[in-house]
Amino acid sequence: MKNTILGAATFGAMALAVTGASAQTQPATGFYVGLGAGANFHSHENGNFGPVGGRINFSTGHIIVLNAGYAFGNGIRAEVEASYRHNGVHNITAGGVRANRSQGWLAQYGVMGNAYYDIPVGLSFGGFSINPYVGAGLGYMWSDYDDVRGDFAGSSVAVIKGSGRLAFQGIAGIAVGLDAVVPGLSLTTEYRYLNTRERDARSARFTAVETRGSFRGENHNHAVLMGLRYAFGTPAPAPVVAPAPAPAPAPARTFLVFFDWDRADLTDRARQIIAEAATNARTVASTRIEVSGHADRTGAAAYNQRLSVRRAEAVAAELVRRGINRNEITIQGFGFDRPLVPTAQGVREPQNRRVEIVLR
């Protein structure tokens, strides 16, 4: 179990290490559904088979999780979850003696409410965004012992009744955004720890007469899952539209620099436009250069405000590199409040992802 969990953690670390710095991904917004499956590792359970103390050890089993939730656009998500865990009995001991034959399995049915935080690391790899997250949940778990029995010389022991308890869990995972393939689809890998309060189950020991005892299980579960998550209403990536060169028989005073979606780095074409602006600033003898950043109407307002300022700062830095004095440049960001092309919220419009350079 320990090796499997460490392997999952190593996989997550490798996924983060190979990404490299790239465009910041915007927080998810709206309703989503998910499905995950993987391996479940259940702790041993101790109890009494009548007057005799005993223990049940379980084999590695499986887990299936269905969930539905809502992302608020600020990194916070809330969801409801239904889960099923199944672990077979590996062996049973009673009075320190292992059974000649052990059988049965433990089935667990859970309903949980979870809260998540998507960590804004801003990483991508090959066009796919990397989004780590952590979460916690609270709910109810029912444990059902099915034909759990151990056969000894001249007797047998069995657990004959399950029970339900309050449960809580902790979750850590990584979602890989597959918007380039299917908008709104993510591949998830995660680790879960689930625990319930100690729960009682009736047990019996069959010899010449039947006796009964209480079997108290410590319900610790570790699980490693892979899954898919789909967010509704995610727009398809817009094609990159190259801005048409502006005819300028006379020295121009306004220049537009365009950016890719959720990017603040300069393309080769953007550097050409900034070089033209720097040349014209000297021709028209400007005394002040206004650099204003803008964003399209996807994502949260606060995020786009910061993104528009980063774009303006990138353009200003290139102007300085082209020989313009920094004290001649003023920088401001307007987020998505001043679109060049009016659109609805959530629409990716290439012409709104821009920086305006105005020579005064």
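In this text, all values refer to a predicted model and were calculated from it rather than measured experimentally. (Residues numbered from 1 in each chain as written. Predicted model: local features only at pLDDT ≥ 70, side-chain atom pairs only at ≥ 80, totals over all residues. Heavy atoms only, no water.)

Undergrad: Provide a residue-level description of the overall build of the protein, including the pertinent values.
TA: In terms of helices and strands, the protein carries 3 helices and 19 strands. A buried classification covers 46% of the 360 residues belonging to the protein. Considering only contacts in the protein between residues 6 or more positions apart, those separated by 24 or more positions represent 75%. With an accessible surface of roughly 17200 Å², the protein has 60% of that area assigned to carbon and sulfur atoms. (Helix = DSSP H or I, 4+ residues; strand = E, 2+ residues; numbered from the N terminus. Buried < 20%, exposed > 50% of the residue type's maximum accessible area, 1.4 Å probe, protein only. Contact = heavy atoms within 4.5 Å. Areas by Shrake-Rupley, 256 points an atom, 1.4 Å probe, with all protein chains shown as cover.)

Undergrad: Can you break down the side chain of Q103 residue by residue, with the values?
TA: With respect to the helices and strands, the residue Q103 is situated in strand β7 (residues 101-118). Contacts of Q103, omitting those with residues within four sequence positions, involve V89, D147, V148 and R149.

Undergrad: Which residues make up the pairing of strand β3 (residues 52-58), and what are the values?
TA: Extensive coverage of β3 is indicated by the burial of 5 of its 7 residues. Note that strand β2 (residues 45-49) and β3 share 5 bridges and pair antiparallel. When the sheet's bridge partners are listed, G47 is paired in β3 with G54. Bridge analysis of β3 against strand β5 (residues 76-94) gives 5 bridges, and the strand direction is antiparallel. Paired with F58 across the strands is V89, a residue of β5. (Pairing = 2+ DSSP bridges.)

Undergrad: So, the pairing of strand β12 (residues 185-196): which residues are in play, and what are the values?
TA: When you tally the buried positions in β12, you get 9 out of 12 residues, the bulk of the element. Across 11 bridges, β12 lies against strand β15 (residues 220-231) in antiparallel orientation. Across the sheet, residue R192 finds its bridge partner in β15, namely A223.

Undergrad: I'd love a proper account of helix α2 (residues 268-283), names of residues and values included.
TA: For α2, built from 16 residues, the straight-helix expectation of 22 Å at 1.5 Å per residue is met to within 8% by its first-to-last C-alpha distance of 23 Å. Of the positions making up α2, those classed as buried are A270, I273, I274, A275, A277, A278, N280 and A281. As for α2, its buried residues are in contact with β16 (254-258), β17 (289-293), α3 (301-321) and β19 (354-359). Trailing α2 by a residue or two, A285 shows a phi angle of about 55°, which is positive. (Expected span 1.5 Å × (residues − 1).)

Undergrad: Talk me through unusual backbone geometry; I want residue IDs and the actual numbers.
TA: In this structure, D147 takes a positive phi of about 55° despite not being glycine. Structurally, D147 is set in strand β9 (residues 128-152). Using a relative accessible area of 42% as the deciding quantity, one classes D147 as partly exposed. Positive phi is not limited to glycine here, since D262 has a value of about 65°.

Undergrad: Now, about the environment of Y193: what can you tell me, with residues and values included?
TA: If you trace the backbone, Y193 turns up in strand β12. Judged by its relative accessible area of 23%, Y193 falls in the partly exposed class. Residues Y193 and V224, 31 residues apart in the sequence, show an inter-C-alpha distance of 9.2 Å. With residues near it in sequence (within four places) discarded, Y193 still touches F168, Q169, G170, H220, N221 and H222. A distance of 2.7 Å separates a polar atom in the side chain of Y193 from a polar atom in the side chain of H220. (Polar contact = N/O pair within 3.5 Å; in protein donor to acceptor, adjacent residues only side chain to side chain.)

Purely geometric stuff here, so don't read any function into it on its own.
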